[in-house]
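Breakdown of the fold
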Amino acid sequence: MNEKLAVGQRIRELRTKQGLSLRALAKLSRLSTNAISLIERGDNSPTVSSLHSLASALAVPITAFFEQQGNGQVIHLKKDRRPMSETAGVRMENLGSGLPNQQIEPFLMTIEPGGSSTSSQITHPGEEFVYVMRGTLLCTINDRDFGLEEGDSLLFMASQPHIYRNLGTTAAQILIIFQPMVGQVMAHQHHPE
């Protein structure tokens, strides 16, 4: 199945399960009705920022959009079978979801030269861990720049405005782990604004 369509169908499924119209989800997520419709039909991949907005509006973790069948004790994904979303020089691959009460959201993000994770800085609840596997990355967190090279990492509170940019000449590949839990309460149940 086309991964864009699979992610879009999962978003539609979650929206309808909650009894939300496109217009209601658009209002909650601050995305346009047309943008959500294009994503749901698989005609457009959601950006990282859109995924965060939709997850917050639907009160689910981002991994909910990529979940595979079955909620077992072990999730095994082959590298060529990962659910993913791709837009304008950024590819985000889900590295694992579906555990009962899962508390981390691991992703592999590839940012092409000149690309950035989002069009502007974003915030979301929880913590975020970034590890550069290949290439270089400029991470701006709360107006402070961090230049990262292969092997470097960052851990920060994701409620601070942040963005990743690839100013290098080769693709940057980074491991990102979102931890949307705060204590025993799911952070994604709280809207960031």
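Our structure is the block above this text.
In what follows, the accompanying structure is described. All figures in this text were calculated on a predicted structure; none of them were measured in a lab.

**As for the pattern of salt bridges**
Between side chains of opposite charge, a pair can form when the charged atoms approach closely. Scanning the model with the defined rule gives seven salt bridges in all. We note a salt bridge from Glu40 to Arg12, for which the minimum N-O separation is 3.4 Å. Linking Glu40 in helix 3 (residues 33-41) with Arg12 in helix 1 (residues 3-17), this pair joins segments that are 28 residues apart in sequence. For Glu40, a relative accessible area of 2% puts it in the buried group. We classify Arg12 as partly exposed; its relative accessible area is 32%. With a shortest N-O distance of 3.2 Å, Arg91 and Glu93 are connected by a salt bridge. Taking the relative accessible area as the measure of exposure, Arg91 reaches 24% and is therefore partly exposed.

**Digging into the side chain of Arg10**
Looking at the element boundaries, Arg10 is found in helix 1. The class for Arg10 is buried, based on a relative accessible area of 18%. Only 2.4 Å separates the side chain of Arg10 from the side chain of Glu13, close enough to count as a polar contact. Reaching out from Arg10, the side chain makes a polar contact with the backbone oxygen of Ala64 at a distance of 2.8 Å.

**Description of the environment of Ser117**
By secondary structure assignment, the location of Ser117 is in the loop between strand 3 (105-111) and strand 4 (127-134). Considered as a pair, Ser117 and Met92 are 25 residues apart in the sequence and their alpha carbons are 9.4 Å apart. Discounting chain neighbours no more than four positions away, the residues touching Ser117 are Val48, Val90, Met109, Ile111, Ile163 and Tyr164.

**Here we look at the nonpolar core**
Leu54, Phe65, Met109, Val130, Leu137, Tyr164 and Ile174 are the most contacted members of the largest nonpolar core, which totals 38 residues. The element that contributes the greatest number of residues to this core is helix 4 (residues 48-58), accounting for six residues.

**Some thoughts on the pairing of strand 5 (residues 137-141)**
Among the five residues in strand 5, five count as buried, and that is most of the element. Covered by surrounding structure in strand 5 are Leu137, Cys139 and Ile141 together with Leu138 and Thr140, the residues of both alternating faces. Where strand 5 meets strand 6 (residues 144-148), five bridges bridge the pair, whose relative direction is antiparallel. Paired with Ile141 across the bridge in strand 6 is Arg144. In textbook terms, the turn of a hairpin is the stretch between consecutive antiparallel strands, and for strand 5 and strand 6 this stretch comprises two residues, one of which, Asn142, has a positive phi near 50°.

**Some words on helix 3**
Regarding helix 3, the residues found buried are Ile36, Ser37, Ile39 and Glu40. Take helix 3 and look down its axis: the buried residues cluster within an arc of 160°, on one side only. Among the residues trailing helix 3, Gly42 stands out with phi positive, at a value near 80°.

The rules behind the values
Residues numbered from 1 in each chain as written. Predicted model: local features only at pLDDT ≥ 70, side-chain atom pairs only at ≥ 80, totals over all residues. Heavy atoms only, no water. Salt bridge = Lys/Arg side-chain N within 4 Å of Asp/Glu carboxyl O. Helix = DSSP H or I, 4+ residues; strand = E, 2+ residues; numbered from the N terminus. Buried < 20%, exposed > 50% of the residue type's maximum accessible area, 1.4 Å probe, protein only. Polar contact = N/O pair within 3.5 Å; in protein donor to acceptor, adjacent residues only side chain to side chain. Contact = heavy atoms within 4.5 Å. Core = buried A, V, L, I, M, F, W, Y, C linked by side-chain atoms within 4.5 Å. Pairing = 2+ DSSP bridges. Arc of directions from axis to C-beta.

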